[in-house]
Amino acid sequence: MLEFISRIQLVYSKHFNWKYNRKGPVFEGRYIPKFIDSQEYLIELIKYLANNPVKAGLVKRPEDWKWMSLNSLPQTDNPKVKFLEI
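What you see is a predicted model; the values in this text were computed from it and never measured.

### What about helix α1 (residues 2-19)?
Spacing of three or four residues puts side chains on the same side of an α-helix, whose turn is 3.6 residues. Between its terminal C-alpha atoms α1 stretches 26 Å, which fits the 26 Å expected from 18 residues at 1.5 Å a residue. For α1, every residue scored as buried is listed here: Ile 5, Gln 9, Ser 13 and Asn 17. The buried residues of α1 all sit within an arc of 90° when viewed along its axis, so they share a single face. Relative to its buried face, α1 has exposed residues pointing more than 90 degrees away, namely Glu 3, Phe 4, Arg 7, Lys 14, Trp 18 and Lys 19. Two residues or fewer past α1, Asn 21 is found with a positive phi of approximately 50°.

### A closer look at the side chain of Asn 17
Within the secondary structure, Asn 17 is located in helix α1. A polar atom in the side chain of Asn 17 sits 2.8 Å from the backbone oxygen of Gly 24.

### Comments concerning the pattern of salt bridges
All told, the structure shown has three salt bridges when counted by the stated rule. With a closest N to O distance of 3.3 Å, Arg 61 and Glu 63 form a salt bridge. Classification of Glu 63 by relative accessible area gives partly exposed; the value is 31%. For Asp 64, the salt bridge is made with Arg 61, and the minimal N-O distance between the two is 2.7 Å. The structure contains a network of salt bridges with shared partners spanning Arg 61, Glu 63 and Asp 64.

### A look at the packing of aromatic side chains
Tallying each qualifying case throughout the model produces four aromatic pairs. The interplanar angle of 45° and the centroid separation of 6.0 Å between the aromatic rings of Tyr 12 and Phe 27 together place this pair among those described as tilted. Here the residue Tyr 12 occupies a position in helix α1, and Phe 27 occupies one in the loop between α1 and α2 (39-55), the gap between them amounting to 15 residues. Through a chain of ring-to-ring contacts, three or more aromatic side chains come together here, namely Tyr 12, Phe 16, Tyr 20 and Phe 27.

### Re the environment of Trp 67
Take Trp 67: it is sitting in the segment after α2. Trp 67 gets classed as exposed once you look at its relative accessible area, which sits at 61%. Along the backbone, Trp 67 and Ala 50 are 17 residues apart, and their C-alpha atoms lie at a distance of 9.9 Å.

### A word on a nonpolar patch on the surface
Together, Met 1, Phe 4 and Ile 8 give the surface a local cluster of nonpolar side chains, amounting to about 360 Å² of exposed area. With respect to the element layout, Met 1 can be found in the segment before α1. Residue classification places Met 1 among the exposed residues on the basis of a relative accessible area of 71%.

Definitions and cut-offs
Residues numbered from 1 in each chain as written. Predicted model: local features only at pLDDT ≥ 70, side-chain atom pairs only at ≥ 80, totals over all residues. Heavy atoms only, no water. Helix = DSSP H or I, 4+ residues; strand = E, 2+ residues; numbered from the N terminus. Expected span 1.5 Å × (residues − 1). Buried < 20%, exposed > 50% of the residue type's maximum accessible area, 1.4 Å probe, protein only. Arc of directions from axis to C-beta. Polar contact = N/O pair within 3.5 Å; in protein donor to acceptor, adjacent residues only side chain to side chain. Salt bridge = Lys/Arg side-chain N within 4 Å of Asp/Glu carboxyl O. Phe/Tyr/Trp six-rings, centres within 6.5 Å; stacked < 30°, edge-to-face > 60°. Patch = residues over 30% accessible without salt bridge, like charges linked within 9 Å, V, L, I, M, F, W, Y side chains within 5 Å. Areas by Shrake-Rupley, 256 points an atom, 1.4 Å probe, with all protein chains shown as cover.

Given below as structure tokens:
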């Protein structure tokens, strides 16, 4: 998997640099896989990713981000699965 992701980063970086006439790294560091060993950790990761556009000032709420895949998930009343609440 590590080799696959590294290859994707390389190909994407070359294309991005060519398209925008730039040089240098596109990503800040090497891809480092992290093992998700619990549901709680998975939920924390999803919250982190969902709230990145908000922290960057791109949208006011996570669900306003048009590329938010969580918008396509079924809704639930289970408090452990309320991803967007911090």
